[in-house]
2 protein chains.
Amino acid sequence: MNKKYLMTPGPTPVPEDIRNEMAKPMIHHRTKEYQAIFKDATEGLKKIFKTSNDVFTFTSSGTGAMEASIVNVLSHGDKVIVVRGGKFGERFGEIAKAYGVEVINVDVEWGSAPKPEIIAELLKKNPDVKAVYTTLCETSTATVYDIKAIGEVIKKTDALYVVDVISGLGADDFENDKWGVDIAVCGSQKGLMIPPGLAFCSVSPKAWKAVEASKLPKFYFNFKKYKKAYDDTDTPFTSAITLVIGLKKAVERVNAQGIDKTIAEHQNQAKAFRAACKALGLTIFSKSPSSAVTGVNAPAGINADDLIKLLKTELGVTFAGGQGDLKGKIFRVAHMGGIDREHTIEAIKALELALAKLGYKFKAGTGVEAAQKILK
Amino acid sequence: MNKKYLMTPGPTPVPEDIRNEMAKPMIHHRTKEYQAIFKDATEGLKKIFKTSNDVFTFTSSGTGAMEASIVNVLSHGDKVIVVRGGKFGERFGEIAKAYGVEVINVDVEWGSAPKPEIIAELLKKNPDVKAVYTTLCETSTATVYDIKAIGEVIKKTDALYVVDVISGLGADDFENDKWGVDIAVCGSQKGLMIPPGLAFCSVSPKAWKAVEASKLPKFYFNFKKYKKAYDDTDTPFTSAITLVIGLKKAVERVNAQGIDKTIAEHQNQAKAFRAACKALGLTIFSKSPSSAVTGVNAPAGINADDLIKLLKTELGVTFAGGQGDLKGKIFRVAHMGGIDREHTIEAIKALELALAKLGYKFKAGTGVEAAQKILK
């Protein structure tokens, strides 16, 4: 096993043709050549988001776009609801508080999905809530939320619906417009299979009204500046040129087979991986598992971080660990972006080898067999 | 002339070995392997900045780091001085105003450098000024400011000294610590010869005191978050991994010959280019020309943008145009980063060809000859 397999929920492997495209000689960004690339990348992104809204590209990590989804639509003292069931839900709350926004937390047990009824009730009790913030896939717990159902609740109110699809997009089902999402926040290094460094926001007409009313200070992430440039197929500040070139190629790849088929393929890989875990006697952490990433409980007596270390150093396979209270207790394996069937099977093979080395008892090969049955 | 020459003041050409390094398979950022790269990149940057202060790396364009240099050290209603002699000086003022900071402008004629005495006077009249913002090289006018002399003035006061070295670093002289700079703001796509997408801030002990007092809201660009991660050789949010890998290679390249020799080499190229312009009968726009980029007045009867278009489409050489009121009046040619002697000579050859095509009268070959004399 000389080949290395990166199975983390971001960054994901960047396909070789995309890496080569980004390695070409540098070009200038205020040129027709680059404008055409930027336009294709943006149009391709819109198809993947399933939106007719504008989708802006920021040079930042996903957190930058999360901040953009707060500072552009709120004012000091505004009230928002934040679904907090993991590290990324928590982050929305931290950003809001940093800007003097009042946060009503919907605390969800890590690994569980929020109940739409609870959000409905809170919105009824607090008709002045300006926006609801949630994740599609809470990466830290590998849990997918029912964004469609929550959308049904929010649609009936004046509140904006802001969804972090950073790790879910391209693996978990997502319909920006049909589900009534006002701002979807995304990053480049997950389902979009390019390196980290770009982040995106879709912005609905309802969100634009909030932008007009918003008084929070902003400059670098100011939607209005992006909109003005966007209408000229440009960005207000120097684009991360090579990453946008990679993005164009990546979205072409996704859209060539269609976003629905892409999602189905990753869902199938997730299913195969979970079947392998079951066959090996392992249990899944989440009660609502995402198809972008699976969190697996480390078996009794084995520290997940030891398993991850062994996999990385001896077998060339990189898994992610648990975060916060889950450290040492779970390992996380991604199914998104550039991760394909070969990755999934090789990861399971390596997992079996590592588990055996750590003294875990199981029938060798059953994990791979269970996965292959689904992927055949 | 099949080879293309990118002569714009950002992005600059990225050397092939750096591009190839960035095109290797993706790695995860929370690993020892990446930490070592990040550490080398940061230590290398510090040598180029000539500082013993921390230098933080943001995933953003240079404007993001400009914003960081404002939101981290100021509070609403604070007063600052901004040197405004071009587009990037103006931007500092715009960001400050967006955050409710009061701005005292030092308006400098485009193409001129500010007089340190004026800043000294203003600081005396306004002892409550919290910081002075200026550029090292004002890219839009290709003008270098006397940062050392302004530093002497500010050193005697409580005000912070914030310098945008985005385009100047690596070509114009710069001494972060000796010149008393509290925050130097930089970007990746100029003298550091990697693609756009990273930005940097050095932060002095004096600046840290202001950080403690600052009340402006911030999250993504919060220095304290970067400091906490930095001390663990990490970033608070996902790094732009490939760009940091490129940065490590780029700073190694600069530091292999030393920053002083690197600057001397680019200053020599700038000198050669200006000598060529003189030989061709062209005049330089700036009264204080930068060595990072030269702005050249278009000769009478020729629109600079026509010249630029001809150079790009027919000769494969990309120059930059004038911005704002200078549009059509000047063209700008860079000497920084991956731009070497070959680039400089080929750019002059192309300039001669283009000028001849547009009917400008001069003795062919005199520009190249004048430059070669200096570069021999």
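Since this is a predicted model, take the numbers as computed values, not measurements.

Draft legend 1. Spotlight on the interface of chain B and chain A. Listed per partner, the contact involves 40 residues of chain B and 42 residues of chain A. Mapped onto the side of chain B that touches chain A, the elements with two or more residues apiece are α1 (16–22), α3 (62–71), α4 (87–98) and α9 (241–257) of chain B. Taken together, the residues that form the side of chain B that touches chain A break down as 20 nonpolar, 16 polar and 4 charged.

Draft legend 2. The arrangement of the packing of helix α3 (residues 62–71) of chain A against helix α4 (residues 87–98) of chain A in detail. Residues and elements named next belong to chain A. Running from N to C, α3 and α4 point in directions that differ by 55°, and their axes come no closer than 10 Å. It follows that α3 is oblique to α4 by the angle criterion. As α3 packs across α4, the resulting crossing turns out to be right-handed. Here α3 contributes Thr-63, Met-66, Glu-67 and Ile-70 to the contact with α4, which in turn contributes Arg-91, Phe-92, Ile-95 and Ala-96.

Draft legend 3. Molecular detail of the domain arrangement of chain A. Residue and element names in this part refer to chain A. Partitioning chain A into domains gives domain 1 (5–11 + 259–375) and domain 2 (16–257). Inter-centroid distance (C-alpha atoms) of domain 1 to domain 2 is 28 Å. Opposite the 28 residues of domain 1 that make contact, domain 2 presents 31 residues. Counting only elements with at least two residues in the side of domain 1 that touches domain 2, the list comes to α10 (259–279) and β11 (293–297). Tallied by class, residues from the side of domain 1 that touches domain 2 come to 10 nonpolar, 15 polar and 3 charged.

Draft legend 4. Fine view of the environment of Ala-23 of chain A. Looking at the secondary structure, you find Ala-23 of chain A in the loop between α1 (16–22) and α2 (32–49). Taking the C-alpha atoms as reference points, Ala-23 of chain A and Thr-242 of chain A, separated by 219 residues in sequence, lie 7.7 Å from one another. If sequence neighbours within four positions are ignored, Ala-23 of chain A has contacts with Arg-19, Asn-20, Met-22 and Ala-23 of chain B.

Draft legend 5. Quick look at the sheet that holds strand β5 (residues 129–135) of chain B. Residues and elements named next belong to chain B. One open sheet accounts for 7 strands, arranged β2-β10-β9-β8-β5-β3-β4; its pairing is mixed. Each of the sheet's edge strands pairs with one partner strand only, and the pair in question is β2 (54–59) and β4 (102–107). Pairwise comparison of adjacent strand axes, ignoring direction, gives a mean angle of 20° for this sheet. Pairing geometry for β5 and strand β8 (residues 160–164), over 5 bridges, is parallel. In the strand pairing of β8, Thr-134 is matched with Val-163. Along the sheet, helix α8 (residues 223–230) makes contact with β2 and β10 (198–203), crossing β2 at roughly 110°.

Draft legend 6. Here's a closer look at the relation of the copies chain B and chain A. Rotating chain B by 180° and translating it 0.0 Å along the rotation axis places it on chain A, where the RMSD comes to 0.0 Å. The superposition operator between the copies reduces to a two-fold rotation axis. If distances are taken from each C-alpha of chain B to the rotation axis, the shortest is found for Ser-60 of chain B, at 2.5 Å.

Draft legend 7. Highlighting the confidence of the model for chain A. Per-residue pLDDT for chain A averages 97, and the proportion of residues at 70 or more is 99%. The complex prediction reports pTM at 0.97, with the ipTM value standing at 0.97.

Draft legend 8. Examining the sheet that holds strand β5 (residues 129–135) of chain A more closely. Residues and elements named next belong to chain A. Taken in spatial order, the 7 strands line up as β2-β10-β9-β8-β5-β3-β4 in an open sheet, and their pairing is mixed. At either margin of the open sheet sits one strand with a lone partner, and together these are β2 (54–59) and β4 (102–107). Across the sheet, the mean angle from the axis of one strand to that of its neighbour is 20°, orientation sign disregarded. In terms of strand pairing, strand β8 (residues 160–164) meets strand β9 (residues 183–187) through 3 bridges, oriented parallel. What sits directly across from Val-163, in β9, is Ala-184. Seen against the sheet, α2 touches β2, β9 and β10 (198–203) and runs at an angle of roughly 115° to β2.

Draft legend 9. Quick look at helix α12 (residues 341–357) of chain A. Residue and element names in this part refer to chain A. The end-to-end C-alpha distance of α12, which contains 17 residues, comes to 24 Å, matching closely the 24 Å that a straight helix rising 1.5 Å per residue would cover. Of the residues making up α12, those classed as buried are His-343, Thr-344, Ile-345, Ala-347, Ile-348, Ala-350, Leu-351, Glu-352, Ala-354 and Leu-355. In this fold, the buried residues of α12 make contact with β1 (5–6), α10, α11 (304–315), β12 (317–318), β14 (330–334) and α13 (366–375). Positive phi shows up at Gly-359, right after α12, with a value of about 90°.

Conventions and cut-offs
Residues numbered from 1 in each chain as written. Chains lettered and ligands numbered in written order. Predicted model: local features only at pLDDT ≥ 70, side-chain atom pairs only at ≥ 80, totals over all residues. Contact = placed C-beta atoms within 7 Å. Helix = DSSP H or I, 4+ residues; strand = E, 2+ residues; numbered from the N terminus. Nonpolar A, V, L, I, M, F, W, Y, C, P; charged D, E, K, R; others polar. Axes fitted to C-alpha atoms, helices over the stretch in contact; angles between N-to-C directions. Parallel < 35°, antiparallel > 145°, perpendicular 65-115°, else oblique. Left-handed = near helix turned anticlockwise from the far one by under 90°. Domains from an automatic or database assignment. Pairing = 2+ DSSP bridges. Least-squares fit on C-alpha atoms with pLDDT ≥ 70 in both. pLDDT = per-residue confidence, 0-100. Expected span 1.5 Å × (residues − 1). Buried ≥ 20, exposed ≤ 12 C-beta atoms within 10 Å, placed from the backbone.

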